[in-house]
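So you can see what is in the structure, the chains are spelled out below.
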Amino acid sequence: MKRLLLLIVVGLVVVAVGVNWYYTRQIRDQLDQMANAVSMFGTLSYDSVRLSPGGAVNINDLSFQLHQGRGGIDVGRISLQTANLLALLTLEGKLESGRLPESLGVSVKDIQFPLDGALANMSRQMPGGTSPSFASGVPFDAAGCDGRTQFNANDLMDMDYFDIRADIEVHYQLINAGNRLRLYASARTYDASAIHLEANIDLTSGSLSTADLARSMENARLSSFSLEYEDLGYYERMLAFCADEMDMTRQEYVAHHLESWKQAWTRFNAEPGPDLVAAYETFLDDPQQLSVRSGGETSVSFEGVENYTLSSLLDRMEVGLAVNYGDPQPLDIRTPEASPQRLTSASEPSPAEPAADAPSTAAAPAPREEETYTAAQADNTQTDRAEEAAPGRTSQWVQVEPAKLDAYRNHRLRIQMRSGDSYAGRLERVDSDNVHIRVEGVGGFYIRPLALEEIREVEVHGGS
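Residues numbered from 1 in each chain as written. Predicted model: local features only at pLDDT ≥ 70, side-chain atom pairs only at ≥ 80, totals over all residues. Heavy atoms only, no water.

In this structure the tally under the stated criterion is 12 salt bridges. A salt bridge links E245 to R148; the shortest N-O distance between them is 3.1 Å. One end of the pair, E245, is in helix α7 (residues 234–245); the other, R148, is in the loop between β6 (133–134) and β7 (151–152), with 97 residues separating them in the sequence. Looking at E245, the relative accessible area reads 33%, which means it is partly exposed. Among the ionic pairs, R414 bridges to E459, the shortest N-O distance being 2.9 Å. On the criterion of sequence distance, the pair formed by R414 in strand β19 (residues 412–417) and E459 in strand β23 (residues 455–461) is long-range, its members being 45 residues apart. Residues participating in the shared-partner salt-bridge network are R148, D155 and E245. (Salt bridge = Lys/Arg side-chain N within 4 Å of Asp/Glu carboxyl O. Helix = DSSP H or I, 4+ residues; strand = E, 2+ residues; numbered from the N terminus. Buried < 20%, exposed > 50% of the residue type's maximum accessible area, 1.4 Å probe, protein only.)

Okay, the environment of Q416 next. Tracing the backbone shows Q416 in strand β19. Expressed as a C-alpha distance, the spacing of Q416 and E454, which sit 38 residues apart in the sequence, is 9.0 Å.

As a further point, take the state of the cysteines. Considering all chains together, one arrives at one disulfide under this definition. Disulfide pairing places C145 opposite C242 at an S-S distance of 2.2 Å. Residues C145 and C242 are joined through a disulfide that is left-handed, its torsion about the S-S bond being -100°. One end of the pair, C145, is in the loop between β6 and β7; the other, C242, is in helix α7, with 97 residues separating them in the sequence. The exposure classification of C145 matches that of C242, with both residues buried. (Disulfide = S-S within 2.5 Å.)

With a phi angle near 55°, N176 is a residue other than glycine that sits in the positive phi range. Mapping N176 onto the fold places it in the loop between β8 (163–175) and β9 (180–189). Given the relative accessible area of 24%, N176 is considered partly exposed. Even without a glycine there, the phi angle at N269 is positive, about 50°. Of note, N269 is situated in the loop between α8 (250–264) and β12 (271–272).

To continue, consider the nonpolar core. Grouped together as the largest cluster of nonpolar side chains are 59 residues, with contacts concentrated most on F151, Y234, Y235 and W261. Sorting elements by how many residues they give to this core places α7 first, with seven residues. Counting residues in hydrophobic clusters, the runner-up holds 15 residues, among them L31, A35, L44 and L66. (Core = buried A, V, L, I, M, F, W, Y, C linked by side-chain atoms within 4.5 Å.)

Relative to the elements of secondary structure, S207 occurs in the loop between β10 (193–202) and α6 (210–216). A residue is classified by how much of its surface remains accessible, and S207, at 13% relative accessible area, is buried. Of note is the side chain of S207, whose polar atom sits 2.9 Å from the backbone nitrogen of S209. There is a polar contact of 3.1 Å between the side chain of S207 and the side chain of D212. Not counting chain neighbours up to four residues away, the residues in contact with S207 comprise A177, G178, D212 and L213. (Polar contact = N/O pair within 3.5 Å; in protein donor to acceptor, adjacent residues only side chain to side chain. Contact = heavy atoms within 4.5 Å.)

Here it is as structure tokens:
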């Protein structure tokens with residue numbers, strides 16, 4: 001027995017060593033080919049390639065240096081992150097068969113880029129090239145700074161940012177067999193700022209096939225999102241730099257910047273309301289953190305987003321703003337009264353667009369639960385839009401008692417649960433405990449049971 005256990009342990013070690021050697025060798029070969037391809041411009045080097053037990057491939061100490069002149073890019077570590085070691089070992093096979101893994105991420109740690117180096121200078125000297133620009137993540141941060149709309153590398157060096165150091169991470173997760181996509185991205189620039197983005201997108205895929213997922217993007221809907229900005233020293237340096245450029249005190253420049261910032265919103269055919277202006281002024285006095293987050297249950301179609309003004313889109317998704325880690329307040333952005341484009345509410349079509357293209361006022365609210373899929377189904381999205389956006393058309397959605405649903409077999413339903421979750425589909429059947437709805441997707445359909453006692457409200461479409 002002991003000998004058998006010893007043989008198993010030795011076998012597992014041999015397999016692990018062999019797998020590690022195989023995968024790291026493949027990556028090293030690819031890196032060597034890249035190094036050969038760029039050898040006429042500079043030297044690409046790396047220290048090591050490692051496989052982690054958690055399912056990540058790490059390339060350590062990657063560097064590209066030009067042959068002449070100071071400058072290049074150094075990266076502490078590039079990581080391809082999978083769910084676990086098994087997911088990593090099967091990744092290549094899945095991609096070759098046209099399927100995506102349920103989760104995948106890439107992180108780049110400790111990027112170092114000198115702004116006074118040869119690469120930055122080359123970008124300025126190329127035909128049509130400009131100095132590398134910088135975006136803090138807060139709209140119009142350069143407003144009022146001697147005519148600037150953004151800051152370039154020379155400006156940043158005047159703010160004492162000579163070497164940009166940053167970490168970047170991007171990760172996705174496909175939930176409920178490809179019917180929901182969760183995205184996460186973050187970028188941290190040392191001594192400047194950090195930005196974190198999360199988004200949930202409802203799909204109609206029902207599959208992890210790349211072809212099905214690509215087709216489902218036509219009907220994709222943004223269910224929820226959050227965007228956070230953390231100041232790590234950038235705003236204090238920026239305000240001091242611009243005050244010096246404008247020959248003002250810091251207090252004078254903050255007041256001047258605030259007025260220019262308000263005017264800059266006209267580029268989006270919008271104007272900040274008094275609450276938003278007051279919130280931004282609070283942030284300027286003590287720059288720490290800003291975050292915006294959707295709070296509504298109604299999703300928005302990517303295809304129909306152009307039918308909204310910025311203010312009506314924010315209202316539809318109930319977007320709130322928090323300053324310096326305080327409580328969120330409604331994001332107060334308005335459409336100027338003098339604007340030729342009138343405010344487009346969520347309940348009426350834009351006059352510039354055909355009524356059938358306007359977003360539906362009675363679109364089913366998007367779910368808040370990971371496993372729930374409530375994107376507008378592929379077989380009824382366009383019908384709903386045409387019926388509900390048409391002027392003067394009475395809605396065909398009728399509220400029905402859950403106990404009487406059995407009379408509406410194969411009708412379209414919209415169901416609100418007591419938990420706040422919402423679902424949409426066609427009625428398949430009703431039994432003593434559950435309502436069973438059929439949810440359509442690009443890859444087929446699935447039947448979802450919903451407990452009758454947990455249902456708060458049901459609407460049935462009269463046109464079936």
